[in-house]
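Summary of the model geometry
Listed below are the residues making up each chain.
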Amino acid sequence: MTNTIVVLTDSKLHLASGSKKVKIFKTLSKSQPKDGPELDLIELGKKDPAPGLDAAMEHVKAAGKAVSTLVAEAPIGDVAEAWAALMKDAELERLEASSGLQSVILA
């Protein structure tokens, strides 16, 4: 999903994206199980996504001092590049999560 940032914390799933995708996620969330993680939708402004990205980053920082990532490629697009810059400036320990997820999926 291009121009979409997904942040999963212990208690919530935060999705930051454009207004069209937020609308789709909002519709999908109505069928979400009641015992599932709470869904927090953050709309990224079309002309200026920075406020939405900053809000998503606050959730990352509030969750702890380390963050697992699935970024295997260079960021593509303005939103991905802005998020990568925020991650770099956040001074969080970055852990690659893809090998752990692969183990779970293949088990």
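An account of the accompanying structure is given in this report. This one's a predicted model, so the numbers in the text were calculated from it and none came from an experiment.

Another point: the sheet that holds strand S1 (residues 5–8). The strand order S1-S2-S3 describes an open sheet built from three strands, whose pairing is mixed. Edge positions in the sheet fall to S1 and strand S3 (38–43), since each of these pairs with one other strand and no more. Sheet twist, expressed as the mean angle between neighbouring strand axes with direction ignored, is 15°. Across four bridges, the pairing between S1 and strand S2 (residues 12–17) is antiparallel. When the sheet's bridge partners are listed, Val6 is paired in S2 with Leu15.

Looking now at unusual backbone geometry. Across residues other than glycine, the phi torsion is negative in most instances, and most of the peptide bonds are trans. Here Glu91, not a glycine, exhibits a phi torsion of approximately 55°, which is positive. The residue Glu91 is located in the loop between helix H3 (78–89) and strand S5 (93–96) in this model. For Glu91, a relative accessible area of 73% gives the class exposed.

Conventions and cut-offs
Residues numbered from 1 in each chain as written. Predicted model: local features only at pLDDT ≥ 70, side-chain atom pairs only at ≥ 80, totals over all residues. Heavy atoms only, no water. Pairing = 2+ DSSP bridges. Helix = DSSP H or I, 4+ residues; strand = E, 2+ residues; numbered from the N terminus. Axes fitted to C-alpha atoms, helices over the stretch in contact; angles between N-to-C directions. Buried < 20%, exposed > 50% of the residue type's maximum accessible area, 1.4 Å probe, protein only.

This is a description of form; function is not addressed.
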